[in-house]
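# Topology and contacts: notes
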Amino acid sequence: MGALDGKVAIVTGAGQGVGRCHAELLAAEGASVVVNDLADSALEVTAAISASGGTAIAHQSDIANWDATGGLIKAALDTFGELDIIVNNAGLLRDAMSFSMTEDQWDLVVDVHLKGHAATAHHASRYWRATAKSLPEGAALRPRRIINTTSESGLFGGPAQLNYGSAKGGIVTMTLILAKELGRYGVTANCIAPRARTQMNESIDRFKKPETGFDSYHPAHVSPMVAWLASDAASDVNGQTFIVTGDEIHRMAIPTVAGAITAGDQPWTVDSISAHKSQLFGSDSPTIPPWAGPPMR
Ligand SMILES: NC(=O)c1ccc[n+]([C@@H]2O[C@H](COP(=O)([O-])OP(=O)(O)OC[C@H]3O[C@@H](n4cnc5c(N)ncnc54)[C@H](O)[C@@H]3O)[C@@H](O)[C@H]2O)c1
């Protein structure tokens, strides 16, 4: 028996890399999977899942196209009669420093990541809300899942990634908003930041497969957390973000107030803020916060 028997999942950008591993594991755990990608590799992944005894169809479409993404949701419903899990994973990079970035580089990356995540959530939540509202009073809601993909660049700010890091940061906030909006319909929304060897980074030395020992950056190591978040075992996990890499899972703290000052029933002035600066920051540094991700292996 699989952890996802009887469930229907969409994985975006599942033609290769981390997304392919998610699609294969969700299928191995019993889900029927819609393998989305722009590329023909969606067909190859679907064939591989079927050859291993799983159930999958391919849907080749651009996740940043609002209407085409409506078609992706419809394909899952038309083929499998349900939709339980969306893994928003599709992505790409167009790195450049802020002073060199073109409008096209900005638009493409923000569209694929931010709009791509919002489009699946929009179309699926329309269906999920309608089905929840049509249930008889007191009937149990069907568990639904959105699993988004951010990046450490989005959490800590990656130089040369103004487009990518901004979109990925937005995805963390989007996850919280979806969690708050859709919980009443049985939907949880959570977010992962993977760190794994894919075509995005395979030329970087530290990502290379080691000669011996644990292959920490194998992309398949990210997928069990996605399958767990998709399963009924994680029904009470909502609005959370995790960094997932190798044998490590790191739960991120929700942004919290780190220091506060008050002017006492009168407006602040430039001088009075200066006078309270040390109280506002306490022992914290007032300059750029450190990159606080797990250490690199
Ligand atoms: N690999 C890492 O270490 C890492 C780190 C942080 C975040 N991520 C994120 O993980 C996700 C997967 O990345 P990956 O490393 O597997 O990259 P990848 O390039 O191997 O895979 C991305 C897939 O998305 C598809 N895609 C791109 N644009 C699309 C679109 N408009 N519509 C549909 N599909 C589209 C690509 O064709 C590709 O198959 C991305 O969101 C990425 O930003 C990866």
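Refer to the preceding data block for the structure.
A few points on the structure. (Residues numbered from 1 in each chain as written. Predicted model: local features only at pLDDT ≥ 70, side-chain atom pairs only at ≥ 80, totals over all residues. Heavy atoms only, no water.)

Below, the discussion takes up the site of the ligand. The immediate surroundings of the ligand are formed by 27 residues, with D37, N89, Y164, T198 and Q199 found nearest. V18 places a main-chain nitrogen or oxygen 2.8 Å from an oxygen atom of the ligand. With respect to the ligand, the side chain of Y164 contributes an N or O atom lying 2.6 Å from an oxygen atom. Taking 820 Å² as the accessible area of the ligand by itself, protein coverage stands at 93%. Of the pockets mapped on this structure, the ligand occupies the largest pocket. (Near = heavy atom within 4 Å. Polar contact = N/O pair within 3.5 Å; in protein donor to acceptor, adjacent residues only side chain to side chain. Areas by Shrake-Rupley, 256 points an atom, 1.4 Å probe, with all protein chains shown as cover. 1 Å grid on protein atoms, 1.4 Å probe; cavity = no way out; pocket = protein on both sides within 12 Å on 5 of 7 lines; lining within 4 Å. Sits in = over half its atoms within 2 Å of the grid points.)

Attention now goes to the pattern of salt bridges. Applying the stated rule across the entire model yields 11 salt bridges. With a closest N to O distance of 2.9 Å, R20 and E24 form a salt bridge. Pair noted here: R20 and E24 are both in helix α1 (residues 17-28), with a separation of 4 residues, about one helical turn. Residue R20 is classed as partly exposed on the basis of its relative accessible area, which comes to 21%. The partly exposed category is assigned to E24, whose relative accessible area is 32%. With its nearest N and O atoms 3.5 Å apart, the salt bridge here joins R144 to D84. With R144 in strand β5 (residues 144-149) and D84 in the loop between α3 (66-80) and β4 (85-87), this pair connects stretches of sequence that are 60 residues apart. Judged by relative accessible area, D84 falls into the buried class, the value being 1%. (Salt bridge = Lys/Arg side-chain N within 4 Å of Asp/Glu carboxyl O. Helix = DSSP H or I, 4+ residues; strand = E, 2+ residues; numbered from the N terminus. Buried < 20%, exposed > 50% of the residue type's maximum accessible area, 1.4 Å probe, protein only.)

Strand order in the open sheet formed by 8 strands is β3-β2-β1-β4-β5-β6-β7-β8, with mixed pairing between adjacent strands. Every other strand in the sheet has two partners, leaving β3 (55-60) and β8 (248-251) as the edge strands with one partner each. Here the strands of the sheet are splayed against their neighbours by 20° on average, with no regard to which way each runs. For strand β2 (residues 32-37) and β3, the ladder comprises 6 bridges, and the chain directions are parallel. Bridge pairing in β3 places S32 opposite T55. Each of β4, β5, β6 (187-194), β7 (241-245) and β8 touches helix α7 (residues 223-230); the most contacted strand, β5, lies at about 150° to it. (Pairing = 2+ DSSP bridges. Axes fitted to C-alpha atoms, helices over the stretch in contact; angles between N-to-C directions. Contact = heavy atoms within 4.5 Å.)

Residues A23, L26, V33 and V35 are the most contacted members of the largest nonpolar core, which totals 30 residues. Ranked by residues supplied to this core, first place goes to α7 with 5 residues. In this structure, A76, A90, V112 and M174 belong to the second largest nonpolar core, which totals 24 residues. (Core = buried A, V, L, I, M, F, W, Y, C linked by side-chain atoms within 4.5 Å.)

Before going further, it helps to spend a moment on the environment of D78. Along the polypeptide, D78 turns up in helix α3. By relative accessible area, D78 is classed as exposed at 55%. C-alpha separation for the pair D78 and G53, spaced 25 residues apart in sequence, amounts to 21 Å.

We now examine the side chain of N163. The topology assignment puts N163 in helix α6 (residues 162-182). In this structure, N163 is in contact with R94, M101, Q105, W106, V109 and V110, ignoring residues within four places of it in sequence.

Moving on, we get to α6. Over its 21 residues, α6 extends 30 Å from the first C-alpha to the last, a length consistent with the 30 Å expected when each residue adds 1.5 Å. Restricting attention to buried positions, one finds in α6 the residues N163, Y164, G165, A167, K168, G169, I171, M174, T175, L178, A179 and L182. In this fold, the buried residues of α6 make contact with α4 (103-133), β5, α5 (152-156) and β6. (Expected span 1.5 Å × (residues − 1).)

All quantities given are derived from atomic positions and should not be read as evidence of function.
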